[in-house]
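Given next are the chains, with one letter for each unit.
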Amino acid sequence: MHDEAAFNALPEDRRVSARGIEVGHIFYFGTKYSKPMNAVVQGPDGQMVPVQMGSYGIGVSRLLGAIIEACHDENGIVWPEAVAPFDVGLINMRPGDEACDAACETLYTAMTAAGREVLYDETDDRAGAKFARMDLIGLPWQTTVGPRGVAEGKVEVKNRKTGEKHDVKIEDMLAQLKGS
């Protein structure tokens, strides 16, 4: 519990003040509820005494808010891999293109078989809208499949946290997924 007098008694160079997010709480009830319920235990002296009670809790929705508050940038959420709702966003740049559709289906199947959760964007939206949406959602990895890359046997992989992008041969990605 915050003791304002003790805090103010500290030298200024030892005081720490920072923003925080309440994700859980503890309440001490004492005997407020145990007395009316006659919830008692035997004390060390043999006498029956009311139980001291309390409660604690962690709010799941508060945790999500705290993660987003701590893990975001100007483009949106940057989910830590351990708690991301999906592992990877798979972006089909040209839905309806036979080669792009086939590559996406192959990658989606391999990723899910390897235990990855995949969010597949096969909308007809413009490229900028797709990229902005994926950044806003903030999945740890983005795999972009486009006609030029597929013609070269490659896809683009982006690390959402660092923004680093690199081309990966589709066959190398599939081999890596099979090995995981």
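Asker: Before we move on, could you go through the overall build of the chain and cite the residues and values that matter?
Answerer: Tallying secondary structure elements over the chain gives seven helices and eleven strands in all. Here the C-alpha atoms of the chain give a radius of gyration of 27 Å, more than 25% beyond the 16 Å that 2.2 N^0.38 yields for 180 residues. Dimensions of the chain, computed from C-alpha atoms along their principal axes, come out at roughly 80 × 45 × 30 Å. Across the 180 residues in the chain, those meeting the buried criterion constitute 26%. The contacts in the chain between residues at least 6 apart in sequence include a share of 55% that link residues at least 24 apart. Of the accessible surface of the chain, which amounts to about 12400 Å², a share of 54% is contributed by carbon and sulfur atoms. Computed over 19 positive and 27 negative side-chain charges, the separation of the two mean positions in the chain equals 3 Å.

Asker: Account for the packing of aromatic side chains, naming residues and giving values.
Answerer: Counted by the stated rule, this structure contains two aromatic pairs. Ring plane angle 90 degrees and centroid distance 5.2 Å describe the contact between F29 and Y33, whose orientation is recorded as edge-to-face.

Asker: If you had to explain the pattern of salt bridges to someone new, which residues and values would you point to?
Answerer: A full pass over the atoms with the stated rule returns seven salt bridges. Of the charged contacts, one joins R133 and D125 as a salt bridge, the two residues approaching to 2.9 Å between their closest N and O atoms. Look at R133 and you get partly exposed, because its relative accessible area is 29%. Through salt bridges with shared partners, one network takes in D73, D135, K158 and R160.

What counts, and at which threshold
Residues numbered from 1 in each chain as written. Predicted model: local features only at pLDDT ≥ 70, side-chain atom pairs only at ≥ 80, totals over all residues. Heavy atoms only, no water. Helix = DSSP H or I, 4+ residues; strand = E, 2+ residues; numbered from the N terminus. Rg over C-alpha atoms; globule rule 2.2 N^0.38 Å. Buried < 20%, exposed > 50% of the residue type's maximum accessible area, 1.4 Å probe, protein only. Contact = heavy atoms within 4.5 Å. Areas by Shrake-Rupley, 256 points an atom, 1.4 Å probe, with all protein chains shown as cover. Lys, Arg positive; Asp, Glu negative; His and termini not counted. Charge placed at Lys NZ, Arg CZ, Asp CG, Glu CD. Phe/Tyr/Trp six-rings, centres within 6.5 Å; stacked < 30°, edge-to-face > 60°. Salt bridge = Lys/Arg side-chain N within 4 Å of Asp/Glu carboxyl O.

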